[in-house]
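Topology and contacts: notes
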Amino acid sequence: MKRFVCSRCGACCRWPGAVKVTDAEVDAIAELLGMSVEIFLAEHTEITPDRQHLSLREKANGECEYLAVDENGLSLCLIEKAKPQQCRNFPDKWNFPNWQEKCSGEYQ
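Not measured: the values here are computed from a predicted model.

In terms of helices and strands, the protein carries five helices and seven strands. Along the protein, helices (α) and strands (β) appear in the sequence β-α-β-α-α-β-β-β-β-α-α-β when read from the amino end. Seen through its principal axes, the protein has C-alpha atoms that stretch 40 × 35 × 30 Å. The buried share of the protein, taken over its 108 residues, is 31%. Of the roughly 7200 Å² that the protein leaves accessible, carbon and sulfur atoms contribute 52%. Taking the average location of the 13 positive side-chain charges in the protein and that of its 17 negative ones, the two points are 6 Å from each other.

Written as structure tokens, this is what we have:
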């Protein structure tokens, strides 16, 4: 079975939309960032449009607020060690229209 190999292009992190987080993910991200769960919830999450889940906040341009770019132009996840499962599931369990044209990762 082929496995998707990420090239760190950041296309998935730039696609606007809710990144849902579970209670356990909230705890892990808050701990990684060195802040209380209460502060993380208040400052870095929002309720999804369907009012059923919490999601990470986005930058004004729709990017994930935890997307950064290193000195070589490669995308970095600032919360990689606690990255939500939804993010880890790209592109097998979620993707966006024409993602193959925007994403430079590949199946190997």
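What follows continues from the structure just given.
The next thing to look at is helix α2 (residues 23-33). Each full turn of the α-helix corresponds to 3.6 residues, which orients residues three or four apart in the same direction. Along α2, the residues classified as buried are E25, V26, I29 and A30. Axial view of α2: buried residues confined to an arc of 130 degrees, hence all on one face. For α2, the exposed residues set more than 90 degrees away from the buried face come down to D23, A24 and E31. Elements that come into contact with the buried residues of α2 comprise β2 (20-21), α3 (37-44), β4 (54-56) and α4 (85-88).

Let's shift gears to the nonpolar core. Grouped together as the largest cluster of nonpolar side chains are 11 residues: V19, V21, V26, I29, A30, F40, L56, C64, Y66, I79 and A82. Top contributing element to this core by residue count: α2, with three residues. Each residue touching C64, except ones within four places of it in the same chain, is listed here: C13, L56 and K59. Grouped together as the second largest cluster of nonpolar side chains are six residues, F4, A11, F90 and W99 included.

Its location among the elements puts P97 in the loop between α4 and α5 (99-102). For the pair P97 and A24, spaced 73 residues apart in sequence, the C-alpha to C-alpha distance is 29 Å.

Further remarks concern the sheet that holds β4. Reading across from one edge, β2-β4-β3 is the order of the three strands in this open sheet, with antiparallel pairing throughout. Each of the sheet's edge strands pairs with one partner strand only, and the pair in question is β2 and β3 (45-47). Pairing of β3 with β4 involves three bridges; the strand directions are antiparallel. Residue pairing for β4: I47 is matched across the bridge by L54.

Backbone torsion omega between F90 and P91 reads -5 degrees, so that peptide bond is classified as cis. With respect to the helices, strands and loops of the structure, P91 is situated in the loop between α4 and α5. For R51, which is not glycine, the phi torsion reads 60 degrees and is therefore positive. Tracing the chain through its elements places R51 in the loop between β3 and β4.

What counts, and where the lines are drawn
- Residues numbered from 1 in each chain as written.
- Predicted model: local features only at pLDDT ≥ 70, side-chain atom pairs only at ≥ 80, totals over all residues.
- Heavy atoms only, no water.
- Helix = DSSP H or I, 4+ residues; strand = E, 2+ residues; numbered from the N terminus.
- Buried < 20%, exposed > 50% of the residue type's maximum accessible area, 1.4 Å probe, protein only.
- Areas by Shrake-Rupley, 256 points an atom, 1.4 Å probe, with all protein chains shown as cover.
- Lys, Arg positive; Asp, Glu negative; His and termini not counted.
- Charge placed at Lys NZ, Arg CZ, Asp CG, Glu CD.
- Arc of directions from axis to C-beta.
- Contact = heavy atoms within 4.5 Å.
- Core = buried A, V, L, I, M, F, W, Y, C linked by side-chain atoms within 4.5 Å.
- Pairing = 2+ DSSP bridges.

Everything listed here is a matter of geometry and, on its own, says nothing about what the molecule does.
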